[in-house]
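Residue-level structure breakdown
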Amino acid sequence: MTITIPYGRQDITQADIDAVVDVLKSDFLTQGPAVENFERAVAEYSKATHAVAMNSATSALHIACLALGLGQGDWLWTTPITFVASANCGLYCGARVDFVDIDPVTTNISVEALEAKLKSASANGVLPKVIVVVHLSGTPCSMKEIHRLAGQYGVRIIEDASHAIGGRYLGEPIGNCEFSDITVFSFHPVKIITSAEGGMALTNDAGLAKSMMQLRSHGISRDPADMTHTPDGPWYYQQLSLGYNYRLTDVQAALGLSQLDRIDQYVAARHRIAAEYDRLLRDLPLILPKSNEDGYSGLHLYVVRLDPTRTNRSRLDVFNALRDGGIGVNLHYIPVHLQPYYRSMGFSEGDFPHAEDYYDRAITIPLYPGLTAENIDHVVSSMRQALTG
Ligand SMILES: *Cc1c(COP(=O)(O)O)cnc(C)c1O
């Protein structure tokens, strides 16, 4: 059966279309005034001082690592339950990557495991330079505790907030970087708001912002203050580092900026749907997502886990039954350390047991603002049938 209810879906309005068409009729197509407006609006919304737009969150993670000085001989740590991009950014910089197991309750990086691993890494003189924490499904990590450990061990923190724009931690917006050096958002179509492809890095550090702006565009500066000598003429620029072409276009930024107008509505709609799922699924043999009492989730995903103490149905059978019913269930994520590319670096089964146990039992069910009451009923009754029928 073809999928009639995907796990995530963008919402595009006439206002979005008009905003994009306006850019197409203007003088700028690639990085121009719309990119700056989008950056300013996201920085303001997130209460961060600086925002640097890029063509994806993957690019933003790479540039964030470079700006923090990550390179050969360094380590980057992240959680195994994330999209591969949260780890690959370390490899792009020539650093080595390791993982910290998840907390089985929150499914985010475990603070206890992190503390223990930092302690032994410190004793062995192999502390990581950068830790990428991921607000899985939008649920904020325990940033206060992670920030305290980062300070204690001299480690830099990047928040991969690809799932979390529109959420809050301790009452303040995710992205304000109060407890991190840099926060990264993704604007891929399945995420909370979209620019088709796109990402952004936020920081309160002017030096990091400047270096990220340079790195996203070939490492080039046109600011005489940065140059090694006075400009040769009005045409002059200097390449000061090895950068990339990671620019966002004005066409994409106009879409993102228009979507940002509706972000609070989108997240509220996600919360309404999640509350329905919480209510309708609670008697089934499932572990439902737990909200973080310190935070308000962006709710990018709704992930249920089969509870092995209450059912012996196989996850594969349940998954297939839902797919057969036209429901685009998905799995977020396959533990990164079990990917063949990472296994070739020496990782294997058993390295991160909580992550692997999560992977054995998780199913992502559809969640997006356009999901109707009938869609929800269909998902719930199909799940009930698959688990108890
Ligand atoms: C989507 C996602 C990314 C990558 O985002 P792109 O904008 O597609 O590059 C990185 N990390 C996480 C956790 C994601 O969900």
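Scope of this entry: the structure provided in the associated data block.

Calculation rules
Residue indices begin from 1 for each chain and proceed along its sequence in written order. For this predicted model, a pLDDT threshold of at least 70 governs which residues receive local features, and a threshold of 80 or more governs which side-chain atom pairs are given and counted, while totals over whole chains, interfaces and linings are taken from all residues. Hydrogens and water are ignored here; the side-chain numbers use all heavy atoms of the structure. By convention in this text, a residue qualifies as near a molecule or strand provided that one of its non-hydrogen atoms is within 4 Å of it. Side-chain atoms alone can form a polar contact between residues adjacent in sequence; in general such a contact is a pair of N or O atoms within 3.5 Å, and within protein one must be able to donate a hydrogen while the other accepts it. We get accessible surface area from the Shrake-Rupley algorithm with a probe of 1.4 Å; when it comes to residues, only the shown protein chains can shield them. Helical segments are the DSSP runs of H or I of at least four residues, strand segments are the runs of E of at least two, and each set is numbered from the N terminus. We count a salt bridge whenever a side-chain nitrogen from Lys or Arg sits within 4 Å of a carboxyl oxygen from Asp or Glu. Only protein chains enter the calculation, and the probe is 1.4 Å; a residue is then buried if its accessible area is under 20% of its type maximum, exposed if over 50%, and partly exposed in between.

Here we take up the site of the ligand. Around the ligand there are 16 residues in total, and T58, D160, H163, S186 and K191 lie nearest to it. A distance of 2.5 Å is found between an oxygen atom of the ligand and a side-chain nitrogen or oxygen belonging to T58. Within the side chain of K191, a nitrogen or oxygen atom sits 3.0 Å from an oxygen atom of the ligand. If the ligand stood free it would expose 380 Å²; the protein chains cover 93% of that surface. Of all the secondary structure elements, the ones that give two or more residues to the shell around the ligand are α3 (57-67) and α4 (85-92).

The final tally for this structure, using the stated rule, is 16 salt bridges. One salt bridge connects R262 with D16, and the closest N-O pair in it is separated by 2.8 Å. Residue R262 is found in the loop between α8 (250-260) and α9 (263-281), and its partner D16 is found in helix α1 (residues 14-24); the two are separated by 246 residues along the sequence. For the pair formed by R262 and D16, the shared burial category is buried. Salt-bridge contacts for K117 lead to D98; the nearest nitrogen and oxygen are separated by 2.9 Å. Of this pair, K117 sits in helix α5 (residues 111-124) while D98 sits in strand β3 (residues 96-99), and the two are 19 residues apart along the sequence. A relative accessible area of 22% places K117 in the partly exposed class. When salt bridges that share partners are traced, they join D11, D16 and R262 into one network.

A negative phi angle is the norm for most residues apart from glycine, just as the trans form is the norm for most peptide bonds. Residue Y333 is reached from H332 by a cis peptide bond, and omega for that bond is 10 degrees. Counting through the fold element by element, Y333 comes out in the loop between α10 (315-324) and α11 (340-343). A positive phi angle, close to 60 degrees, is found at K47, a residue other than glycine. Among the structural elements, K47 can be located in the loop between α2 (33-46) and β1 (50-54).

Spatial relationships are all this shows, so hold off on functional conclusions.
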